[in-house]
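# A look at the structure
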Amino acid sequence: MNMSSTLLVGSLCLTVASGLVWAHEDSASDGSKADNKHLLHDTPNPDGHVPSNVNYGFTVIGHDALGGISDGKYTDVWAHEGYAYVGTFEEPTCDRSGVFISDIRDPANPTTIGMIKSPPNTRINDVKVHKVGARSVLIHSLEPCGPLKGNGQAIGGGNGGKQQGQGGISLWDVTDPTMPHALKQNFLDTPVHNTFAWTTAAGETFLMIVDDINVDDVIIADITKPQAPKKIATTGIGTWLETNPEVAADGQLFTGVFAAPLLHDIWVNDMDPGPGEDWHAVLSYWDAGFIILDVNDPANPVFLGDSTYPEIDPVLGISPAEGNAHAAVFGGDGFDKIFGGDEDFDAFFTAVIVGSNEYPASQGSDVPQVGPGAAIESVTGNTVFVGLACGEAIPTAAETGASIAVIERGVCAFTTKAQTIEAAGYSAGIVFNGVAPDRCEASVSMLVEAGIPMVFVPRSSGFGILGINGYDPAQCGADDGTNPALPAVGTPGIASTIGAAFDGWGYLHVLNNTQGDVTVPVGMGANAQDPVTVGYLGEIGFYAPAELTDPALASGAGDLTMHNLEADPQQPNRVFISWYSLGMRAVEWRPGHFHINAQGEGVASWNMHEVGRFIAGEELGELAGSNFWGVTVTEVNGEQFVLGSDRSTGLWIFKWECEDATSTLYCNAPTP
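Residues numbered from 1 in each chain as written. Predicted model: local features only at pLDDT ≥ 70, side-chain atom pairs only at ≥ 80, totals over all residues. Heavy atoms only, no water.

## Quick word on the environment of Asn-194
Note on placement: Asn-194 falls in strand E13 (residues 192–199). Residue class for Asn-194 comes out buried when judged on its relative accessible area of 2%. There is a polar contact of 3.0 Å between the side chain of Asn-194 and the backbone nitrogen of Ile-266. (Helix = DSSP H or I, 4+ residues; strand = E, 2+ residues; numbered from the N terminus. Buried < 20%, exposed > 50% of the residue type's maximum accessible area, 1.4 Å probe, protein only. Polar contact = N/O pair within 3.5 Å; in protein donor to acceptor, adjacent residues only side chain to side chain.)

Now the structure itself:
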């Protein structure tokens, strides 16, 4: 069976990183981009699918602008007992917007009733509310977002190499949401990106926590007494690489933009919600895929399995698959499926080509993009080292005879570096990572504004581009004293080409969670192909809007990757997805459906069918152009509502309602 699209990646091929990279660079540099307005596209309408600019399934019930319309402000959303809680990201600033609380007991008229401020230089990204005994407890993450300091990287001096701001989690009593009060603040000292709480039949409440920094990146705490949480277990990818070789056997640890098996999101579920208990967790590892744990004994979690991406990506046709596993939930009848999604902000595979070497790179945000169909398809020229480029005088392009500046990260913002080299006449810039323990080989998606292309590479790649031999990434530490020194400013490097090939955005995968083989169909009726048998955690379905496979939309149309998702409690084979600039999506498991957009169906999908879509249109004025980060499902007065958090416009409240099965916009049954 061939489920590939006709997309060809081009001549660039992925060069896998040579060493482990643990740093979760989101803690230092946001991976999102500034242009989040959706471009509407008309497509044909065969086979029950709808044009991309038609909304259906989702009905807007209410909207709350929270702290006001502001680009990049809002993040995750959670709901509890008639109130919604929305985190903030504050891109690119780092102010004290923390958690907004909205009264949604009247869903048509949600009202902001308060805001819990974040600590200085700290962002609150993930929010959850969980019943712990008689209390409603808000749990939120803490990640530094202030300037880097120490090791010469920014203001402050010293050798700490740390980012200003706080880490860990904080717990608040929100039994009365109008009067939240702190139970425990700054529990743990590591940056935290995501959490999930669960309560056993014995009344004990546990919390799984994502550690952004450490090799063993899973922390489990007992929060039965939320004012006095206790860490009871630490495990993670470092341990499993030693105890479970299948994690690395598929060779997919380092295939994404970040080239790292970092843990992003977690979800815990009782797989036997009857009289018994069977607690499992699904962990989304950026390139390692989805890992399942048995957490019935939270102090001693047991590794159950690890997914592997198909050798050839079935939607994008690339090999190897990028990975970028971001979030997943258990779903389906008896939780026999896992709905998991990839978050891929970079629609290109970008590389700096030096002779026969290709150094994977990531492109900056608000700069001209390089790649097929872009105004600049590639940049070729001599390179030169210009130091930190923090506004000081540097040798000009005319003086060096080079057109590409190679820059060390640190001391100042990426925008300062880019505008410094642009003023000096360079046509492109390559920033390589600075010296920081456990971070030297990490990559970031730079938030940068300039009129020339800018790309980021790990530190070892910078040395390679400069033609410096003998650099050992394993020796990069606090002083880096055993590695070769960087050359003087103005020293030529090696002639290089910055090039890119379109490789699409992140989309939805469906995995077999039966712990045995399942046989699933491919196509229906006259179009049916032979069914396939898939093992535990193998891929049994996928769904991708057509826009994310279109090279013409690689830039300028906003972020077309999916983000968060949640299964429908009323129909576990249905999942709601927040899809950034592609809006809100509702998708159902429909065995036999198979589309590769060959006839303009508007999707590439297998065993999944779209049953709802919402993108804010121009008729909504300043609310137009969706950019949905978060989604959650809640009940208010016995009715179910879907909540979405838009990064710029705040909280949206929807009802999801089926259309007539006989209509083009059907959602009750598949077309024969």
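## Some thoughts on the side chain of His-130
You can see His-130 is positioned in strand E7 (residues 127–132). When its relative accessible area of 17% is taken as the criterion, His-130 is described as buried. There is a polar contact of 2.8 Å between the side chain of His-130 and the side chain of Thr-199.

## Regarding the packing of aromatic side chains
For any pair of aromatic rings, the description rests on two quantities: the centre-to-centre distance and the angle between the ring planes. Following the criterion strictly, the structure yields 28 aromatic pairs and no others. The interplanar angle of 85° and the centroid separation of 6.1 Å between the aromatic rings of Trp-240 and Tyr-285 together place this pair among those described as edge-to-face. A residue pair is termed long-range when its members are at least 10 positions apart, and Trp-240 in helix H1 (residues 237–243) and Tyr-285 in strand E18 (residues 279–285) qualify at 45 residues. Given a relative accessible area of 0%, Tyr-285 falls into the buried group. Here the aromatic residues Phe-58, Phe-576, Phe-614, Phe-628, Trp-652, Phe-654 and Trp-656 are joined through ring pairs into a cluster of three or more. Across the ring face of Trp-589, the terminal group of Lys-337 is positioned such that the distance to the ring centre comes to 4.9 Å. Taking the ring centre of Phe-89 as reference, the NZ or CZ of Arg-647 above it sits at 5.0 Å. (Phe/Tyr/Trp six-rings, centres within 6.5 Å; stacked < 30°, edge-to-face > 60°. Lys NZ or Arg CZ within 6 Å of the ring centre and 35° of its normal.)

## A few points about empty space enclosed by the protein
A full pass over the atoms with the stated rule returns nine cavities of 30 Å³ or more. Looking at the largest cavity, its volume works out to about 200 Å³. As for the largest cavity, its lining consists of 19 residues, of which Lys-128, Asp-265, Trp-267, Asn-564 and Leu-565 are closest to the centre. Counting residues per element, the ones that place at least two in the lining of the largest cavity are strand E2 (74–80), E7, strand E17 (263–270), strand E21 (325–331), strand E35 (565–568) and strand E39 (628–636). Of the residues contributing to the lining of the largest cavity, the split by class is 10 nonpolar, four polar and five charged. (1 Å grid on protein atoms, 1.4 Å probe; cavity = no way out; pocket = protein on both sides within 12 Å on 5 of 7 lines; lining within 4 Å. Points joined across faces, edges and corners; volume = space filled by probe spheres on them. Nonpolar A, V, L, I, M, F, W, Y, C, P; charged D, E, K, R; others polar.)

## Describing unusual backbone geometry
In the segment running from Ser-319 into Pro-320, the intervening peptide bond is cis, with an omega of -5°. Within the secondary structure, Pro-320 sits in the loop between strand E20 (302–306) and E21. At Glu-81, a residue that is not glycine, the phi angle is positive and equals roughly 50°. Here Glu-81 is to be found in the loop between E2 and strand E3 (83–88). Residue class for Glu-81 comes out exposed when judged on its relative accessible area of 51%. Even without a glycine there, the phi angle at Phe-335 is positive, about 55°.

## Examining the environment of Asn-637
Within the secondary structure, Asn-637 is located in the loop between E39 and strand E40 (639–646). Between the C-alpha atoms of Asn-637 and Arg-105, which are 532 residues apart in sequence, the distance is 7.7 Å.

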